[in-house]
Amino acid sequence: MWNISIDEPRPFELLAPRTLEEAVELGSRHGKDAAFLAGGCDLLDQLKHQWTAPHYVINLKSIPGLKGIRSEGNAITIGALATLTEVERSTRNALPGLARAASRVATPQIRNTGTIGGNLLQDSRCPYYRGPWYCYRAGGIVCDAHHGINQEHAIFGGNRCYTVSPSDTAPILVALGSEVTVVSPAGKRQIPIDGLFTTPEENITTMHRLGPNEVLTSITIPLRSQQRSTFIKYAMRNSWDFALASAAVALEMDGGICRECRIVLGGVAPAPWRSRLAEQEIEGKALNAGNIESAARAAIAGAKPLQYNEYKLALVKKLVRNALLELSA
Ligand SMILES: Cc1cc2nc3c(=O)[nH]c(=O)nc-3n(C[C@H](O)[C@H](O)[C@H](O)COP(=O)(O)OP(=O)(O)OC[C@H]3O[C@@H](n4cnc5c(N)ncnc54)[C@H](O)[C@@H]3O)c2cc1C
Ligand code: SF4
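Residues numbered from 1 in each chain as written. Chains lettered and ligands numbered in written order. Predicted model: local features only at pLDDT ≥ 70, side-chain atom pairs only at ≥ 80, totals over all residues. Heavy atoms only, no water.

1. Some details on the packing of aromatic side chains
Thinking step 1. Under the criterion given, the structure shown has 2 aromatic pairs.
Thinking step 2. Relative to Trp133, the ring of Tyr128 has its centre 5.1 Å away and its plane inclined at 75°; by these criteria the two rings are edge-to-face.
Thinking step 3. Taken together, a centroid distance of 4.9 Å and an interplanar angle of 15° make the contact between Phe156 and Trp273 stacked. Pair noted here: Phe156 is in the loop between α6 (116–121) and α7 (169–175) and Trp273 is in strand β12 (residues 273–274), with a separation of 117 residues, a long-range link.
Thinking step 4. Residue classification places Trp273 among the partly exposed positions, given a relative accessible area of 30%.
Thinking step 5. A cation over a ring is seen here: Arg160 above Tyr136, with NZ or CZ 4.7 Å from the ring centre. (Phe/Tyr/Trp six-rings, centres within 6.5 Å; stacked < 30°, edge-to-face > 60°. Helix = DSSP H or I, 4+ residues; strand = E, 2+ residues; numbered from the N terminus. Buried < 20%, exposed > 50% of the residue type's maximum accessible area, 1.4 Å probe, protein only. Lys NZ or Arg CZ within 6 Å of the ring centre and 35° of its normal.)

Shown next, in the form of structure tokens:
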């Protein structure tokens, strides 16, 4: 039973693999009785509150080579253990949308410690799930948010669970067409980053598709010469706060015509929400005020707000409009 006074973890053994293979082997051996540790900003909180109590914590920081950020041909590869500060500083020129998203995460202290991999794989922030309730996501038989306090919850893609993807870097990495590299006992594989995230329909108990013996090792982002990108987040506080909604846009301009436009929303669905209808209003067209307005309207098509979060409709429209206007300048 959850207890409000708990502020220390249950005893666990800290394992320090020296290679990826060793980490994957330890993950396979201990399964759900182990957790991978990166920066610890999310995991340590969960351990201290005893929301999760594995007997083994596998420290990925003891493995060399998971940290660097390097340019290779027409792509940038970011090691999963690169900190958010490092990501912000290294991508300002080549990928300004990503740099902006990294700079909007939490506080400088958390950005100095938290890693890009951990940011993508962090768990739901729904206060019911992280509180003394026992909702669907925690294995129970009800969604407390659905009939409770749901200002911060999903307007898209909710299905029994209405939590939102809390990561600020996920929407822009999806918009930029990134791929992630994952190492498992079967070897190394690269998948489009959209494939990393799951929905409550598929698995209500997790936010991502990695198994307990799979390590995210890097993220590769293609560089395109005519590409422009941006990220705009709205939160109640500017210091540290999770997004009530965010909009990430990446597009290429070709003779005044917009190509390869991707518009991805954060904080409004259980996974980064790609707004294909909004993209269609821009793709192959001029980036002018009329088309931008159509895209902003299309971005909320199909939304199903809950009792207290209808305000997100106007918010999403404004964020998409502002992001596109910024890129049209
Ligand atoms: C006060 C506060 C405010 C915050 N505000 C924001 C915000 O505004 N925006 C935002 O986006 N985030 C925010 N966060 C979340 C924060 O950014 C993440 O907690 C942090 O980035 C996670 O990174 P980490 O390296 O500390 O991950 P950890 O806590 O170490 O790990 C997180 C999870 O990912 C798993 N994991 C980590 N790396 C790997 C890997 N390479 N392979 C497999 N599994 C892995 C861990 O097992 C764990 O389950 C906030 C957090 C706090 C505490
Ligand atoms: S939104 Fe999801 S995490 Fe939150 S109470 Fe409902 S089922 Fe639980």
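2. Regarding the pairing of strand β5 (residues 75–79)
Thinking step 1. With 5 of 5 residues buried, β5 is to be regarded as a mostly interior element.
Thinking step 2. Of the two faces of β5, the one carrying Ala75, Thr77 and Gly79 and the one carrying Ile76 and Ile78 are both buried.
Thinking step 3. Direction of pairing for strand β4 (residues 69–72) relative to β5: antiparallel, over a ladder of 4 bridges. Counted as the bridge partner of Ser71 is Ile76 from β5.
Thinking step 4. Hairpin connection, β4 to β5: the antiparallel pair is bridged by 2 residues, and Gly73 has positive phi, about 60°. (Pairing = 2+ DSSP bridges.)

3. Some words on the domain arrangement of the protein
Thinking step 1. When its domains are assigned, the protein resolves into domain 1 (1–61) and domain 2 (69–122 + 163–328).
Thinking step 2. Each partner contributes to the interface: domain 1 provides 14 residues, whereas domain 2 provides 14 residues.
Thinking step 3. Carbon and sulfur atoms make up 81% of the surface buried where domain 1 meets domain 2, a total of about 1100 Å² over both sides.
Thinking step 4. At the surface where domain 1 touches domain 2, the tally comes to 0 salt bridges.
Thinking step 5. Taken together, the links from domain 1 to domain 2 amount to 1 residue pair in polar contact (both at pLDDT 80 or more).
Thinking step 6. In terms of residue count, helix α1 (residues 20–30) provides more of the side of domain 1 that touches domain 2 than any other element does, 5 residues in total.
Thinking step 7. Classifying every residue of the side of domain 1 that touches domain 2 by side-chain character gives 7 nonpolar, 4 polar and 3 charged. (Domains from an automatic or database assignment. Contact = heavy atoms within 4.5 Å. Buried area = accessible area lost by both parts, 1.4 Å probe. Salt bridge = Lys/Arg side-chain N within 4 Å of Asp/Glu carboxyl O. Polar contact = N/O pair within 3.5 Å; in protein donor to acceptor, adjacent residues only side chain to side chain. Nonpolar A, V, L, I, M, F, W, Y, C, P; charged D, E, K, R; others polar.)

4. A look at the site of ligand 1
Thinking step 1. Lining the immediate surroundings of ligand 1 are 32 residues, of which Phe36, Gly39, Cys41, Leu43 and Thr115 lie closest.
Thinking step 2. A distance of 2.8 Å separates an oxygen atom of ligand 1 from a polar atom in the backbone of Asp168.
Thinking step 3. A distance of 3.0 Å is found between an oxygen atom of ligand 1 and a side-chain nitrogen or oxygen belonging to Lys233.
Thinking step 4. Isolated, ligand 1 exposes 970 Å² of accessible area, and the fraction of that covered by the protein chains is 92%.
Thinking step 5. Looking at the shell around ligand 1, the elements with two or more residues in it are β2 (34–37), α6 and β8 (215–222).
Thinking step 6. A per-element tally of the shell around ligand 1 places α6 first, with 3 residues.
Thinking step 7. Viewed by domain, the shell around ligand 1 spans two of them, domain 1 (1–61) and domain 2 (69–122 + 163–328), each represented by three or more residues. (Near = heavy atom within 4 Å. Areas by Shrake-Rupley, 256 points an atom, 1.4 Å probe, with all protein chains shown as cover.)

5. Side note on the sheet that holds strand β7 (residues 187–192)
Thinking step 1. On the basis of which strands lie adjacent, the open sheet formed by 5 strands has the order β4-β5-β8-β6-β7 and antiparallel pairing. If you trace the sheet from one side to the other, it starts and ends with β4 and β7, each paired once. In this sheet, adjacent strand axes meet at a mean angle of 25° when their direction is disregarded.
Thinking step 2. Packed onto the sheet, α1 meets β6 (179–184) and β8 and runs at close to 125° relative to β8. (Axes fitted to C-alpha atoms, helices over the stretch in contact; angles between N-to-C directions.)

6. What to know about the pattern of salt bridges
Charged atoms that come close allow side chains of opposite charge to pair.
Thinking step 1. This structure, assessed with the given rule, holds 18 salt bridges.
Thinking step 2. The closest approach of N and O atoms between Arg70 and Glu72, which form a salt bridge, is 3.0 Å.
Thinking step 3. Among the residues examined, Glu72 registers a relative accessible area of 42% and is labelled partly exposed.
Thinking step 4. In this structure, Glu279 engages Arg274 in a salt bridge whose closest nitrogen and oxygen atoms are separated by 2.9 Å.
Thinking step 5. The partly exposed category is assigned to Arg274, whose relative accessible area is 23%.

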